[in-house]
Amino acid sequence: SPQSLGSGVSHPSGLVHVEACEVCMRQLTAAADGALRFEFGLVDPGGDAFVLAAESKSDRERWVEALASCRVRTKRELVVSHTLEMKAAAEVAVQLAKQEEAQKLELSGLKDELHLAFVAKKASEQQLEQALERHRTTLHMKAQVAAARERANTQLWQARERLKFRQSLLHWRHRTLRAAFVILVTVSYTQPPRCTKG
């Protein structure tokens, strides 16, 4: 009550959760000299008792009624609050389930994309390997063609050299035979013929 503030207490010494306490009537007085009567008490779940007193019996009844109704109202509020919290938790759980399902679908799509990318990568690697093999084959064929061309050029040069040598040899033979023929004709015309006796 406001009169208790005159005792020198300037701040509350604690907090009592009325909704968790049981209201009970007491037979003892709140003061040793019996100055305060019409007592009642609050007992918390831990077993601690808080002794209160009213100025009259009717005041005590009103206090007990008010505390009991407050306790009931608070319990109802707690039930409603708990129900709302449960509903909110259920909605959150549904949202989380939906998000999880969406994430699973997205993960499945990503797995499919990854598989397709892997298949495409393997196909690209095979195509690249085939292209490299064709390139190596082409280079080998080019090397063979170049070697064959080199051999042909060598053979052609050798054939030309042999032809030149034969032409030179034929030209020498022609000059030699011509000179011999000229000598033979000259000798034949400058010397008279010899007759042999038979």
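Residues numbered from 1 in each chain as written. Predicted model: local features only at pLDDT ≥ 70, side-chain atom pairs only at ≥ 80, totals over all residues. Heavy atoms only, no water.

**Looking at the overall build of the protein**
Here comes step 1: Secondary structure summary: the protein contains 1 helix and 3 strands in total.
Here comes step 2: When the helices and strands of the protein are read in sequence order from the N terminus, they spell out β-β-β-α.
Here comes step 3: Looking at the protein residue by residue over its 198 residues, the buried ones come to 7%.
Here comes step 4: When contacts within the protein are restricted to residue pairs at least 6 apart in sequence, long-range pairs at least 24 apart make up 30% of them. (Helix = DSSP H or I, 4+ residues; strand = E, 2+ residues; numbered from the N terminus. Buried < 20%, exposed > 50% of the residue type's maximum accessible area, 1.4 Å probe, protein only. Contact = heavy atoms within 4.5 Å.)

**Topic: the pairing of strand 3 (residues 49-53)**
Here comes step 1: Two elements, strand 2 (residues 39-43) and strand 3, share 5 bridges in a ladder whose sense is antiparallel. Among the inter-strand pairings, G41 is bridged to a residue of strand 3, identified as V51.
Here comes step 2: Linking strand 2 back to strand 3 in an antiparallel pair, the connection comprises 5 residues, with G47 at a positive phi of about 100 degrees. (Pairing = 2+ DSSP bridges.)

**A short note on the confidence of the model for the protein**
Here comes step 1: The pLDDT averaged across the protein works out to 80; a share of 75% of its residues lies at or above 70.
Here comes step 2: Looking at the elements of the protein, mean pLDDT is at its lowest for strand 1 (residues 22-25), recorded as 78, and at its highest for helix 1 (residues 57-190), recorded as 87.
Here comes step 3: Counting contacts from residues 1-9, a segment whose pLDDT is below 50, to residues more than four positions away or on other chains yields 0 contacts. (pLDDT = per-residue confidence, 0-100.)

**Quick look at the sheet that holds strand 2**
Here comes step 1: As summarised here, the arrangement of the 3 strands in space is 1-2-3, forming an open sheet in which the pairing is antiparallel. Both edges of this open sheet fall to strand 1 and strand 3, since each of them pairs with a single strand only. Neighbour-to-neighbour, the strand axes of the sheet open up by a mean angle of 25 degrees, direction not taken into account.
Here comes step 2: Sheet topology note: the strand 1/strand 2 ladder contains 4 bridges and is antiparallel. In the sheet register, V23 faces strand 2, and the bridge partner there is L42. (Axes fitted to C-alpha atoms, helices over the stretch in contact; angles between N-to-C directions.)

**Some remarks on the nonpolar core**
Here comes step 1: Core analysis: the largest hydrophobic core is formed by 5 residues, namely C21, F40, L42, V64 and L67.
Here comes step 2: Of all the elements in the fold, those that place two or more residues in this core are strand 2 and helix 1. (Core = buried A, V, L, I, M, F, W, Y, C linked by side-chain atoms within 4.5 Å.)

**With respect to the pattern of salt bridges**
Close approach of charged atoms lets side chains of opposite charge pair.
Here comes step 1: Within the structure shown, the criterion is met by 5 salt bridges.
Here comes step 2: D59 is the salt-bridge partner of R62, the closest N and O atoms lying 2.1 Å from each other. In this pair, R62 and D59 both sit in helix 1, 3 residues apart, roughly one turn of the helix.
Here comes step 3: A salt bridge links E129 to R136, with the shortest nitrogen-to-oxygen separation between them at 3.3 Å.
Here comes step 4: Looking at E129, the relative accessible area reads 44%, which means it is partly exposed.
Here comes step 5: Here the salt bridges do not stand alone but share partners, grouping E129, E133 and R136 into one network. (Salt bridge = Lys/Arg side-chain N within 4 Å of Asp/Glu carboxyl O.)

**Some words on a nonpolar patch on the surface**
Here comes step 1: Where nonpolar side chains cluster on the molecular surface, the patch consists of F165, L169 and W172 and spans about 340 Å² of accessible area.
Here comes step 2: When you line up the elements, F165 lands in helix 1.
Here comes step 3: Among the residues examined, F165 registers a relative accessible area of 58% and is labelled exposed. (Patch = residues over 30% accessible without salt bridge, like charges linked within 9 Å, V, L, I, M, F, W, Y side chains within 5 Å. Areas by Shrake-Rupley, 256 points an atom, 1.4 Å probe, with all protein chains shown as cover.)

**Points about the environment of V64**
Here comes step 1: Assignment of secondary structure puts V64 in helix 1.
Here comes step 2: Taking C-alpha positions, V64 is 9.7 Å from L42, a pair spaced 22 residues apart along the chain.
Here comes step 3: In this structure V64 touches V23, M25 and F40, once residues within four positions along its chain are discounted.

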